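Secondary and tertiary structure notes
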Amino acid sequence: MTPDERREALESIAREVRVCTKCRLHQSRTRAVPGEGHPETEVIFVGEGPGFNEDQQGRPFVGAAGGLLTELLSSVGWKRDEVFITNVVKCRPPGNRDPEPDEIAACRPYLQRQLEVLDPALVVTLGRFSMASFMPGARIGSAHGTVRAVDPETGAANATAYAMYHPAAAFRQAAMRSTLFKDMLGVPEALLQARQRRAHDEETAALPADGLDQRASVPPPEDEPPPTVVDAERDVTPAHDVPAATDARPAVTRVNDEVGTVADVPAPTSAPDADATGRQLGLF
Ligand code: URA
Ligand code: SF4
């Protein structure tokens, strides 16, 4: 799929989501929230469902949890518009209640199609409901910070899942904040593992993926600079200026040369600056 075809396919899904009436959540929504991000990314973040601000704006993770997600991404040198961000349900459950199983099931085809189009190497799950879709049976207390091969039935043909707590958990429990930043530091390493698995699977196409849980270790600072967000095989034109690549690999971005340590985690900030967040964003 060319970048233009990918972009158009994602837009087409988004148009359907915006007028969808397949479950009761459409009755109380202001706007549906299809998701947004870079169409050529290798990494998708999947949350639970829109909250108040997302429902108002029609965009994912733009409230307080979104501000924290943006901070988490920048702690590994990534920007929101270099990944794809969406949710298990695309419309806000009233009063931010948990999504019901039938609502999740009704909405599942949209996420599945997004995954088919994006063909991500890495699916980062945010919270229990998202984790349940990609690591069935896992318990978040032990699964956070770990990877597992994704069932192709999800739509992601050859992906690795990496589980994290939901950013909003940090607002209920202060200690969760450092757990989130610590787990985030494992994401670039999880992407490297995901790429290795894909490369390996391409070589040995007949063999099943090794679906074992494995704790993704945080790479030591002297490691190779971790990953570009874009797949080597995708013929993408850089979305914005990038440093000259030393190899032929096209890049939307590179993460920091050094992955920070937990001690480097920025001090807590108060309410996110919505304008600044908005400026960073590029809708696909
Ligand atoms: N929480 C989520 O799970 N998703 C959003 O988009 C915002 C908050
Ligand atoms: Fe449709 Fe999903 Fe919204 Fe339900 S939550 S109305 S299935 S888009």
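First things first, this report covers the structure right here in the doc. Please read all numbers here as calculations on a predicted model, not as lab measurements.

1. Some points on the overall build of the chain
For the chain, the helix and strand inventory stands at 11 helices and seven strands. Across the 284 residues that make up the chain, the buried fraction comes to 45%.

2. A look at the nonpolar core
Of all hydrophobic cores here, the largest spans 65 residues; its most connected members are Ile44, Leu122, Val123, Val124, Ala159, Ala161 and Tyr162. The element that contributes the greatest number of residues to this core is helix 5 (residues 101-118), accounting for eight residues. For Leu122, the residues in contact, after removing those within four places along its chain, are Glu42, Val43, Ala159, Thr160, Tyr162, Ala190, Leu191 and Ala194.

3. A look at the site of ligand 1
Gly47, Glu48, Gly49, Pro50, Gly51, Glu54, Pro60, Phe61, Ala65, Gly66, Asn87 and Ala168 make up every residue found near ligand 1. Classifying every residue of the shell around ligand 1 gives five nonpolar, five polar and two charged.

4. Things to note about the pairing of strand 3 (residues 84-87)
Consecutive side chains along a regular strand alternate between the two faces of the sheet. Side chains of strand 3 alternate between two faces, with Phe84 and Thr86 and Ile85 and Asn87 buried alike. Bridging between strand 1 (residues 36-37) and strand 3 involves two bridges; their strand directions are antiparallel. Across the sheet, residue Gly37 finds its bridge partner in strand 3, namely Phe84.

5. Things to note about the pairing of strand 6 (residues 160-164)
In terms of residue burial, strand 6 counts as a mostly covered element, since five of its five residues are buried. Burial of the side chains of strand 6 extends over both faces: Thr160, Tyr162 and Met164 are buried on one face and Ala161 and Ala163 on the other. Bridge analysis of strand 5 (residues 146-149) against strand 6 gives three bridges, and the strand direction is antiparallel. Residue pairing in the sheet places Ala149 in a bridge with Thr160 of strand 6.

6. Overview of the packing of helix 1 (residues 3-18) against helix 5
Interhelical geometry of helix 1 versus helix 5 gives an angle of 175° and a closest axis separation of 10 Å. Here helix 1 lies roughly antiparallel to helix 5, going by the angle between them. Between helix 1 and helix 5, the residues in contact are Arg6, Ala9, Leu10, Ile13 and Val17 and Tyr110, Arg113, Gln114 and Val117, respectively. Taken together, the residues of the contact of helix 1 with helix 5 sort by class into six nonpolar, one polar and two charged.

7. Focus on the site of ligand 2
Ligand 2 sits among 14 residues. The nearest are Cys20, Cys23, His26, Cys91 and Cys107. Of all the elements, helix 5 adds the most residues to the shell around ligand 2, at three residues. Across the shell around ligand 2, the residue classes break down as nine nonpolar, two polar and three charged.

8. Brief notes about helix 10 (residues 187-203)
Compared with an ideal rise of 1.5 Å per residue, which puts 17 residues at 24 Å, helix 10 spans 24 Å between its outermost C-alpha atoms and is within 8% of the ideal. Taken together, the buried positions of helix 10 are occupied by Val187, Pro188, Glu189, Ala190, Leu191, Ala194 and Arg198. Along its buried surface, helix 10 packs onto strand 2 (43-47), strand 4 (122-126), strand 5, strand 6 and helix 9 (176-185).

Calculation rules
Residues numbered from 1 in each chain as written. Chains lettered and ligands numbered in written order. Predicted model: local features only at pLDDT ≥ 70, side-chain atom pairs only at ≥ 80, totals over all residues. Helix = DSSP H or I, 4+ residues; strand = E, 2+ residues; numbered from the N terminus. Buried ≥ 20, exposed ≤ 12 C-beta atoms within 10 Å, placed from the backbone. Core = buried A, V, L, I, M, F, W, Y, C linked by C-beta atoms within 7 Å. Contact = placed C-beta atoms within 7 Å. Near = placed C-beta within 6 Å. Nonpolar A, V, L, I, M, F, W, Y, C, P; charged D, E, K, R; others polar. Pairing = 2+ DSSP bridges. Axes fitted to C-alpha atoms, helices over the stretch in contact; angles between N-to-C directions. Parallel < 35°, antiparallel > 145°, perpendicular 65-115°, else oblique. Expected span 1.5 Å × (residues − 1).

These results come straight from atomic positions and should not be treated as a statement about function.
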